[in-house]
Amino acid sequence: MARALAAKMGFNSLLRKQARNFRVRICTMESEEEFNCEVKWKGKDLFDLVCRSLGLWETWFFGLQYTIKDTVAWLKMEKKILDQEVPSEEPITFFFLVKFYPENIEEELVQEITQRLFFLQVKKKILEEEIHCPPEASVLLASYAVHAKYGDYDRNVHEPGFLAEEELLPKRVINLYQMTAEMWEERITVCYAEHRGRTRDEAEMEYLKIAQDLDMYGINYFLIRNKKGTGLLLGVDALGLHIYEPENKLTPKCSFPWNEIRNISYSDKEFTIKPVGKKSNTFKFISSRLRVNKLILQLCIGNHDLFMRRRQVDSLEIQQLKSQAKKERARKQAEWQRLQREKKLRKEAERARAEMERKLLQLQEEAHLANEALLRSEQTADLLAEKAQIAEEEAKLLAQKAAEVETEMQRIKVTAMRGQEERRLMEQKMLEAEMRALKESEESERRTKEAEQLKQDLQEARESERRARNKLLEITSKAINASPVLPSDSIPPDLSYSRENLSFDFKDTDMKRLSMEIEKEKVEYMEKSKHLQEQLNELKTEIESLKLKERETPLDIIHNQNTEQGTSKQSNFKKLTLQSTKTKVAFFEEL
């Protein structure tokens, strides 16, 4: 069966070589793309094509990875693609991934696309638990990942539940605590709100700066055996080689920095490392497969080359690249600041507009009330005028009746002479008439006074109407004068930039100034590190009471022990590098 499969693969490879070109699929952390390749192409030809399509200059960190017979392999640059053990299926699938990690993320990563690819790959490794991350650091990293995706926190936009569909924490961390998804989101959002004012690039860089301090960051692990046959783990990273016990990937038992290694070679499954110094003992171990030895050697050579290059003066190309990247960052920073200013001015203008609209509505309400008061005054004045007219007519009518009564009295006096009886009757009638006349006179006087009072009320109503009209005119003029007039220069003009060639002339004053800037950056970094550690401790304290101890993994227990002992990745590496090479080799062989 194996021979048939090998024959089939060889036949497929032969067919591809006879053809003029073949297809490959390149998978990055964000997308997939297919390319047509010529049969004569080497690995470097395809790698350069992919880098150009991405606009990537910092190519030395990356490689094209593929899987063959359940083993990870990297495409060799100087060898033809079809002469390597690549998959037989077409299109051939390669993964464009980070192959070598820098010692200091912030200093070495220059391009934005480089930082983006690092961020996505490291985030994926943490979520898939290829890199062990403690819970408090997981929450802080998740908050920076959210900021990189959503920008500044806005309470009106980022309402509870907006992270429900996001994968932000390793499942191990979620299962370790008695916390609901809403509780985790609340913790992440609290940290997320504190990152206001950062750009996406800054959030991704903060994420990587925290991640690079994790114990398993940037390390490739391989199963090996020493001379006694003891199973161990070999870790290869940017600083050197490290030996671990299989159940503890966090704390190495011994380490060999690259500057202590003179030569690396392998023969079949046996791997040999010769330390610096003629009297130093040779370090040997045995791996599981020959293909694994090839991979270990590739990673060792690449990491060693980068280790040595970092300790040399940057080439002119790298200096130009850093200078250009610095200009680009300055341009983006200025653009971001301009956008922030415009955003602030826009908010202030909207706030002023809302305030003016509020005042206008208030004035309109006051005008409406004044109109209603004026209408009521007019209605009251009309009613009083109507009553005054009625009272005047009634007074005239009473006066007419009084005159008739007076006439009647005169007639009665003339006829009073007709007899005693008639006189008595007439006197009685006169008395009654006088009484009626008196009553009519009193009623007439009362009606006259009432008419005078109504006239006075009418005058007061008209005076009230005049005052209401004056107040309405005053409110209308105040509303017109209070209208907003925004300054014409409230929106800043566009910025313009010019690019000029830089010349590099380092003098003593420049070096002194550079040293002072480096010292200043060190102090700022120490302060930031202290603040970061305090933030992580605070997060750990907040969620510690909800932890389920029985669900802790062996790596969690080891990490907690290291934290209690004050052991970090950097301090442990410094401690191990102080040991002599002879002691390290003897210790490795005794394991």
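Everything below is about the structure shown above.
Residues numbered from 1 in each chain as written. Predicted model: local features only at pLDDT ≥ 70, side-chain atom pairs only at ≥ 80, totals over all residues. Heavy atoms only, no water.

Trainee: I'd like to hear about the packing of helix H5 (residues 135–150) against helix H8 (residues 200–211), residue by residue, with values.
Mentor: Between H5 and H8, the shortest axis-to-axis distance is 8 Å and the interhelical angle comes to 160°. Judged by the inter-axis angle, H5 sits roughly antiparallel to H8. Considering how the two elements wind past one another, H5 and H8 form a crossing that is left-handed. Residues Leu 140, Leu 141, Tyr 144, Ala 145, His 147 and Ala 148 of H5 form the contact with H8, whose own contacting residues are Arg 200, Ala 203, Glu 204, Glu 206, Tyr 207, Ile 210 and Ala 211. (Axes fitted to C-alpha atoms, helices over the stretch in contact; angles between N-to-C directions. Helix = DSSP H or I, 4+ residues; strand = E, 2+ residues; numbered from the N terminus. Parallel < 35°, antiparallel > 145°, perpendicular 65-115°, else oblique. Left-handed = near helix turned anticlockwise from the far one by under 90°. Contact = heavy atoms within 4.5 Å.)

Trainee: So what about helix H2 (residues 43–54)? Which residues, and what values?
Mentor: Between the first and last C-alpha of H2 there are 17 Å, a value that for 12 residues agrees with the 16 Å anticipated at 1.5 Å per step. Those residues of H2 not exposed but buried are Gly 43, Leu 46, Phe 47, Leu 49, Val 50 and Cys 51. Following H2 by one or two positions, Gly 55 has its phi on the positive side, about 70°. (Expected span 1.5 Å × (residues − 1). Buried < 20%, exposed > 50% of the residue type's maximum accessible area, 1.4 Å probe, protein only.)

Trainee: Break down the pattern of salt bridges for me, citing the residues and quoting the values.
Mentor: For the structure shown, the criterion picks out 27 salt bridges. One salt bridge in this structure joins Glu 335 and Arg 338, with 2.6 Å as the shortest N-O distance. Separated by three residues within a single helix, Glu 335 and Arg 338 lie in helix H10 (residues 316–414), roughly one turn from each other. With a relative accessible area of 10%, Arg 338 lands in the buried category. Put simply, Glu 463 and Arg 467 hold a salt bridge, and the shortest N to O gap is 4.0 Å. With a gap of four residues between them, Glu 463 and Arg 467 both fall in helix H11 (residues 420–481), about one helical turn apart. Overall, the relative accessible area of 31% leaves Glu 463 in the partly exposed class. (Salt bridge = Lys/Arg side-chain N within 4 Å of Asp/Glu carboxyl O.)

Trainee: Could you give an account of the packing of aromatic side chains, naming the residues involved and the relevant values?
Mentor: Per the stated rule, a full pass over the model turns up 18 aromatic pairs. Ring centres of Phe 119 and Tyr 207 lie 5.0 Å apart, and the angle between their planes is 80°; on these two criteria the pair is classed as edge-to-face. In this pair, Phe 119 sits in helix H4 (residues 112–127) while Tyr 207 sits in helix H8, placing the two residues 88 residues apart along the sequence. Looking at Tyr 207, the relative accessible area reads 3%, which means it is buried. (Phe/Tyr/Trp six-rings, centres within 6.5 Å; stacked < 30°, edge-to-face > 60°.)

Trainee: How would you summarise the sheet that holds strand S2 (residues 32–38) if you had to cite specific residues and measurements?
Mentor: The five strands are arranged S2-S1-S5-S3-S4 in an open sheet whose pairing can be described as mixed. In this open sheet, the two strands that pair with only one neighbour each are S2 and strand S4 (71–74). Going across the sheet, the axis of each strand differs from the next one's by a mean of 35°, ignoring polarity. Note: strand S1 (residues 21–27) against strand S5 (residues 92–98), four bridges, orientation parallel. Residue pairing across strands places Val 24 opposite Ile 92, the latter belonging to S5. (Pairing = 2+ DSSP bridges.)

Trainee: Explain the nonpolar core residue by residue, including any values.
Mentor: Counting 79 residues, the largest nonpolar core has Leu 46, Phe 94 and Phe 96 as its most contacted members. Sorting elements by how many residues they give to this core places H5 first, with nine residues. Ignoring any residue separated from it by four or fewer positions in sequence, one finds Phe 94 in contact with Val 24, Arg 25, Ile 26, Cys 27, Leu 46, Leu 64, Gln 65, Tyr 66, Leu 75, Ile 81 and Val 86. (Core = buried A, V, L, I, M, F, W, Y, C linked by side-chain atoms within 4.5 Å.)

Trainee: Help me get a handle on the sheet that holds strand S8 (residues 240–244), residues and values and all.
Mentor: Read from one edge to the other, the open sheet built from seven strands follows the order S9-S8-S7-S6-S12-S11-S10, with strand pairing classed as antiparallel. Edge strands, defined here as strands with exactly one partner in the open sheet, are strand S9 (254–257) and strand S10 (261–267). Across the sheet, the axes of successive neighbouring strands diverge by a mean angle of 30°, strand direction being ignored. Here four bridges tie strand S7 (residues 231–236) to S8, and the two strands are oriented antiparallel to one another. Residue pairing for S8: Val 236 is matched across the bridge by Leu 241. Sitting on the sheet, helix H9 (residues 290–310) touches strand S6 (220–225), S7, S8, S10, strand S11 (270–275) and strand S12 (283–287), and the angle it makes with S10 is about 160°.

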